[in-house]
Amino acid sequence: MWALQSKGKNSWIEERKQLGRALSHKQCHVQYNHHLEFSRGCQRLTNHRPRQLARLQRSVLPAYPSERVEYTQLAGNPTANAAIADVSTTPFSCFYHGKLPALLPAQKISSVENVKLLDRYTNRRAASGTLYLTATHLIYVDASAEVRKETWILHHHIATVEKLPLTTAGCPLLIHCKNFHVAHFVIGQERDCHEVYTSLLKLSQPVKPEELYAFSYNPKMSKDNREIGWKLIDLKVDYQRMGIPNDYWEITDLNKDYEVCSTYPPEIVVPRAASKATVIGSSRFRSRGRIPVLSYLYKENNAAICRCSQPLSGFSARCLEDEQMLQAIREANPGSPFMYVVDTRPKLNAMANRAAGKGYENEDNYDNIRFKFIGIENIHVMRNSLQKLLEVCETKSPSMSDFLTGLENSGWLRHIKAVMDASVFLAKAVKDEKASVLVHCSDGWDRTAQVCSLASLLLDPFYRTFKGFMVLIEKEWIAMGHKFSHRCGHLDGDPKEVSPVFTQFIECVWQLMQQFPCTFEFNEHFLLEIHDHVYSCQFGNFLGTCHKEREDLKIFEKTHSLWPFLLQKKQELRNPLYRGFTAYKELQPNTLPFSFQFWCGMYNRFDKGMHPKQCVLDHLLSCMNQKIKLEDNASELENKLPFLDGPLPSEACYLSKVGCAASKTSMLNTPQDYQGEPPAVLSNGISVGDANVTSDVEQKNKENLANRRDLHRNDSVDVLNSEAKDGKPQHH
Amino acid sequence: TLPFNSHLLLFLTSFLAAASSSFFMSCSRFLGSVGTIIIKCKDLRIIQLDIPGMEECLNIASSIEALSTLDSVTLMYPFFYRPMFEIVEDGWSAFLPEKEFEVLSSVTDEWRLSYINKDFSICPSYPPVVIVPRSIDDETLQKVAVYRHGGRFPVLSYYHKKNGMVMMRSSQPLTGTNGRRCKEDEKLVNATLRPGKRGYIIDTRSLNAAQQARAKGGGFEQEVYYPQWRRIHRCIERFNILQESLIKLVEACNDQSHNMDRWLSKLEASNWMTYIKEILTAACLAAQCIDREGASVLVHGTEGTDSTLQVTSLAQIILDPDCRTIQGFESLLVREWLQAGHPFQQRCAQSAYSNSKQKFEAPVFLLFLDCVWQILHQFPCSFEFNEHFLVTLFEHAYASQFGTFLGNNENERSKLKLQQKTMSLWSWVNQPEELKNFQNPLFEANSLVIWPSVAPQSLQLWEGVFLRWNRPSRFLDEAEEEMRRIIDYNRFLLDKVNSMRKQIMQTETEDGMDRMQEVDSAANV
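Residues numbered from 1 in each chain as written. Chains lettered and ligands numbered in written order. Predicted model: local features only at pLDDT ≥ 70, side-chain atom pairs only at ≥ 80, totals over all residues. Heavy atoms only, no water.

Examining the domain arrangement of chain A
Note: interface size is frequently given as the accessible area lost on complex formation between the parts.
All names here are of chain A.
Here's step 1: Domain annotation of chain A identifies domain 1 (110-205) and domain 2 (224-606).
Here's step 2: Here the C-alpha centre of domain 2 lies 36 Å away from the C-alpha centre of domain 1.
Here's step 3: With 13 residues of domain 1 at the contact, the number on the domain 2 side is 21 residues.
Here's step 4: Carbon and sulfur atoms make up 54% of the area that domain 1 and domain 2 hide from each other, which totals about 1500 Å².
Here's step 5: Our enumeration of links across domain 1 and domain 2 arrives at 0 salt bridges.
Here's step 6: Our enumeration of links across domain 1 and domain 2 arrives at 4 residue pairs in polar contact (both at pLDDT 80 or more).
Here's step 7: The class makeup of the residues in the side of domain 1 that touches domain 2 is 4 nonpolar, 7 polar and 2 charged. (Domains from an automatic or database assignment. Contact = heavy atoms within 4.5 Å. Buried area = accessible area lost by both parts, 1.4 Å probe. Salt bridge = Lys/Arg side-chain N within 4 Å of Asp/Glu carboxyl O. Polar contact = N/O pair within 3.5 Å; in protein donor to acceptor, adjacent residues only side chain to side chain. Nonpolar A, V, L, I, M, F, W, Y, C, P; charged D, E, K, R; others polar.)

Written out as structure tokens, the structure reads:
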């Protein structure tokens, strides 16, 4: 820090910039690339020449002023806290998009040295390094590894922090993240550990919405661009796409002052035949005023998916306007004499609700409805189920039987299947039976959102594109009042309100991707990215619980929208196998139990050792990039062929680079702990010195082999290069 | 009118030719005058035939029954099959041990070929030619054979070029309850060690099972007599248990009930995935000893014809990039399964739907293929072959028009005169137009050791075999096609760019000479 100060403010900022760039590269390395090489992070890294890489490392290393920074008392120290709150003034505060989160001025960086990061699964030697606390992230820098490794954890991603009983090695601190990252630190001093612990508790659970990252996040974007970003997704356009307004449906602003329903958006789509009185009357008969509104209109046959909350029917209450409302919905689809009313709760739950004056529709009171229960469990069951699933995922070297039994007992896949079954039912009713469907659960913002959005996804290929999927989430989840803030626990609040409802939706989409690999424009990373940001609070989209609350929070004025940022990364988030918008229409997924897989990429996402060591997706993505370059190359060469204007050195190296990029599949993975104990010979045979010698030899062998392999693989390119070289020696 | 019987037979024969996978369990029931025959195939497919007319139906049923349970090997399809293709390379002579040994002897002279078993008298389940340490003469081998179960004395299975470590395989030593030792055996085993080095014995049975084996005359190497070796026990299940597991698994996969919990508990109860994990773990351990610890390894179980071969062959796939090519994999199968004496005829007789208990039936080879698939799944770019190749091998191991998998060992095969009387599977597979179907478009030769993950989260049910007939594959096939298209197009582009470049360069070197000289002189100045 002292060094920095003497350089003056500008150089401080300059250095921070450098650090930012450098770290952002390193960040990729960490995020995708713990010690495995077959990943994009690495490709990006290795695009640098070795020397550049070394420089990068050097520029990063001294920037962490390890000897200059003393650990400041975080929890108790008012200056430290002030600094933590003071993020808006720091220039670089985004790590997801290639910039650095605000590093506090050096004297305020809180750090702890000699911290160990334990590997969750193996007994390999624990890493040892330094823990840094910035305004937005917890950063762990591994000092023991040859290659600099960093682990970054966004404070908002932290779900729980636990202090485990003291061990001989130190004081363990276990951090569980909402994106299923689990970090197990061991801190030397108990006092340090406690302070990190209390600081993280505070940082990870802000009390006031203004403390959320989104309000301080500043990607250096002009005001206009920010506003354009918010306008990227316009739901009206989607309704237009469905042909609304039309003879049967209209967009009404009855809710503009949130008088009909405080958790609905100002503009809702209702049947033209439903008068204002009907709407208002119906809203009084529906839990929290969440009246039946249109979710999706299947243009081909006018069948609609509508959604609402449970009726306040109790044991016998009726409401004429509500009955008229349903009739209007049914009659908006003249092709069908009846409509379905689907209650997505288990029958027992719905019946229990009657005692509280709520309940479900009585088939006798409504004309021509077919009432049906689809038993999807409530948010509490889902929360517990995920908890059990994560326990299974976290078990240290479980047997196959432990794992499968745990998976079964968690019930997680059963719930996923239930959501999928319900969605398939909706899609079939609309497409095959040509009947409209009205869906509700209790309040109509959890299960209803899952089922309606998935059914739309099954019916309409538009929702399987980048833009369409964003629209779908904006429409069915954000606008219709899924309580993201409560379900994701953005703020310090009731833990019973937290539930992985949106995670389940994302997983259902992933399950569909497994069955229909060519039908989605985006890939798994896109889903994970969205899932990350639902929790990261970096963007305004998922803050609050409903449209009204977001207006009150002024998120449209103060924060940024996620979608433009995701679109920028389209190249890496797309699905190379996508066959285009028109290739597939409706999807009819198989919902037999064996069609559902455990999603290792989500729940064990940070345990890279468990993932396939070579990734087909990454390989194909690099093929797509290579294709573009080759096509450019080919057309350029075609132009040049007749003229022959001299050597093209830039292009030659360009080409060889392309070849390299495609062949970057090296993988120096290491064997796992197959025996469950450290290698035996080392302990009773070879000395450590011997082992080092062999490993050096091994390394050399490996390099040789790797080189040879590269040669082999790129022979076509290399032949060219060597030809080019061969051409010249005569002149030297 | 055409009798139904011939109709069906026509249908059957077309089936055989097309799918080369076959039937062989049938049951019939009657509903009115329509008879139903349910044919349960060895490739796990179930076919239902509704046949009008009681008598026809019964006739057909009994014909299928008779044809599917032939007593004599020589009546089986391979002996009647006439190939419709021209044989370019005879598969029977494609993988001769002498040829394989030539490669080995180019890197080391510590090993020799021994013809001691040329008339199958020393060990009936070994091939005529085996590779043994050069320092051990045939006389010693003879003595060792007596000491090992079924005469299967330790032979070379794999030589790791990178560090000269080796993997040997054998059967259990016959120590019995009184701990008999055999100095020749110790000498042979120790001959594979470098001076001062240690080795591992991987016993594919639990310690308990190995100890119990002593009561039956078997046993394991005792530390006292093999001080340079460290024994590790890994429990890989034996055949009847594996067969039950397969039956349960297939039953679970065919259960069309919509209950997730039932599916998961049945999958768990079948234990299939547990066995996959065990086998893979043992193989990884063997590979780890060789590659990481720089130690030689001896693998055996009881007979050394089942779990032993699973471990040795999988370890080679992990260690040796050659085994991940099509030719290399075929060669591996010939060496480590066919010549090494895995009793295919006993193990692959009836597959999962057998209603009579087959004493020796066991999906040992299918488990091996499943493990290969698991590794392929984790390293999709490191294998020259694709999943289809593995599925095809599975089918042919159980029912084939080729003679390759007939018989239980080389001895039986030579008695059946398979080479003269039947076709080799490899003659068919290795034709260029057939090979195309087995090639993995993602393949990029990878010379490294590939370490698979054995965490339960990383292992999956092999859908290509077990769910193949229970779900539509259209969308997955299209994805495969799309992938192939992307990669082929890139190759085409690369070729195009390269050839154009070449063209430019050629003209360049002709008329660019002067200019280059200018540049050179400029640089010199």
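There's plenty left to go through after this.
A word on the UniProt feature "binding site: substrate" (unreviewed entry) in chain A
Residues and elements named next belong to chain A.
Here's step 1: UniProt records the feature "binding site: substrate" (unreviewed entry) at Asn-378, Ile-379, Cys-441, Ser-442, Asp-443, Gly-444, Trp-445, Asp-446 and Arg-447, using the numbering of this structure. In sequence the annotated residues extend across 70 residues, while in space they remain close, none of their C-alpha pairs exceeding 12.2 Å.
Here's step 2: As for its position among the elements, Cys-441 is in the loop between β14 (436-440) and α15 (447-459).
Here's step 3: Here Cys-441 is in contact with Cys-308, Ser-309, Gln-310, Asp-343, Thr-344, Arg-345, Asp-446, Arg-447 and Thr-448, once residues within four sequence places are set aside.
Here's step 4: Looking at the secondary structure, you find Asp-443 in the loop between β14 and α15.
Here's step 5: Judged by relative accessible area, Asp-443 falls into the buried class, the value being 16%.
Here's step 6: For Asp-443, the contacting residues outside a window of four places in its chain are Ser-287, Arg-288, Arg-290 and Ser-309. (UniProt positions renumbered as here; feature names shortened; annotations may be inferred. Helix = DSSP H or I, 4+ residues; strand = E, 2+ residues; numbered from the N terminus. Buried < 20%, exposed > 50% of the residue type's maximum accessible area, 1.4 Å probe, protein only.)

Here we look at the UniProt feature "active site" (unreviewed entry) in chain A
Here's step 1: In this numbering, the UniProt entry assigns the feature "active site" (unreviewed entry) to Cys-441 of chain A.
Here's step 2: Given a relative accessible area of 3%, Cys-441 of chain A falls into the buried group.

Brief notes about the domain arrangement of chain B
All names here are of chain B.
Here's step 1: By the assigned domains, chain B splits into domain 1 (2-20 + 29-69) and domain 2 (97-467).
Here's step 2: Between domain 1 and domain 2, the C-alpha centre-to-centre distance is 37 Å.
Here's step 3: On the side of domain 2, 16 residues touch domain 1, which itself brings 10 residues to the contact.
Here's step 4: Summed over both partners, the interface of domain 1 with domain 2 comes to about 990 Å²; 57% of that surface belongs to carbon and sulfur atoms.
Here's step 5: Seen at the junction of domain 1 and domain 2, the total is 0 salt bridges.
Here's step 6: One can count 4 residue pairs in polar contact (both at pLDDT 80 or more) joining domain 1 with domain 2.
Here's step 7: Residue classes in the side of domain 1 that touches domain 2 are distributed as 5 nonpolar, 1 polar and 4 charged.

Some remarks on the sheet that holds strand β12 (residues 339-343) of chain A
The strands making up a sheet associate through backbone hydrogen bonding, with each pair oriented either parallel or antiparallel.
Residue and element names in this part refer to chain A.
Here's step 1: A sheet is described by the order of its strands in space; here 5 strands give the open sequence β10-β11-β14-β12-β13, paired in mixed fashion. Looking at which strands have only one partner, the edges of the open sheet turn out to be β10 (293-298) and β13 (369-373). Strand-to-strand twist in this sheet, taken as the mean axis angle between neighbours without regard to direction, amounts to 20°.
Here's step 2: As defined by bridge partners, β12 adjoins β14 across 5 bridges and the pair is classed as parallel. Bridge pairing in β14 links Asp-343 to His-440.
Here's step 3: The sheet strands contacting helix α10 (residues 320-331) are β11 (303-308), β12, β13 and β14, and the helix crosses β12 at an angle near 125°. (Pairing = 2+ DSSP bridges. Axes fitted to C-alpha atoms, helices over the stretch in contact; angles between N-to-C directions.)

A word on the pattern of salt bridges
Here's step 1: In total, this model carries 50 salt bridges over all chains according to the counting rule given.
Here's step 2: As a salt-bridge pair, Asp-421 of chain A and Lys-417 of chain A come within 3.0 Å of each other at their nearest N and O atoms. Taken together, the residues Asp-421 of chain A and Lys-417 of chain A, both in helix α14 (residues 412-431) and 4 residues apart, mark about one turn of the helix.
Here's step 3: Residue classification places Asp-421 of chain A among the partly exposed residues on the basis of a relative accessible area of 28%.
Here's step 4: Taking the shortest distance from any N to any O, the salt bridge between Arg-181 of chain B and Glu-186 of chain B comes out at 2.9 Å.
Here's step 5: Taking the relative accessible area as the measure of exposure, Arg-181 of chain B reaches 37% and is therefore partly exposed.
Here's step 6: Owing to a relative accessible area of 6%, Glu-186 of chain B belongs among the buried residues under this scheme.
Here's step 7: Residues participating in the shared-partner salt-bridge network are Asp-446, Lys-483, Arg-487 and Glu-497 of chain A.

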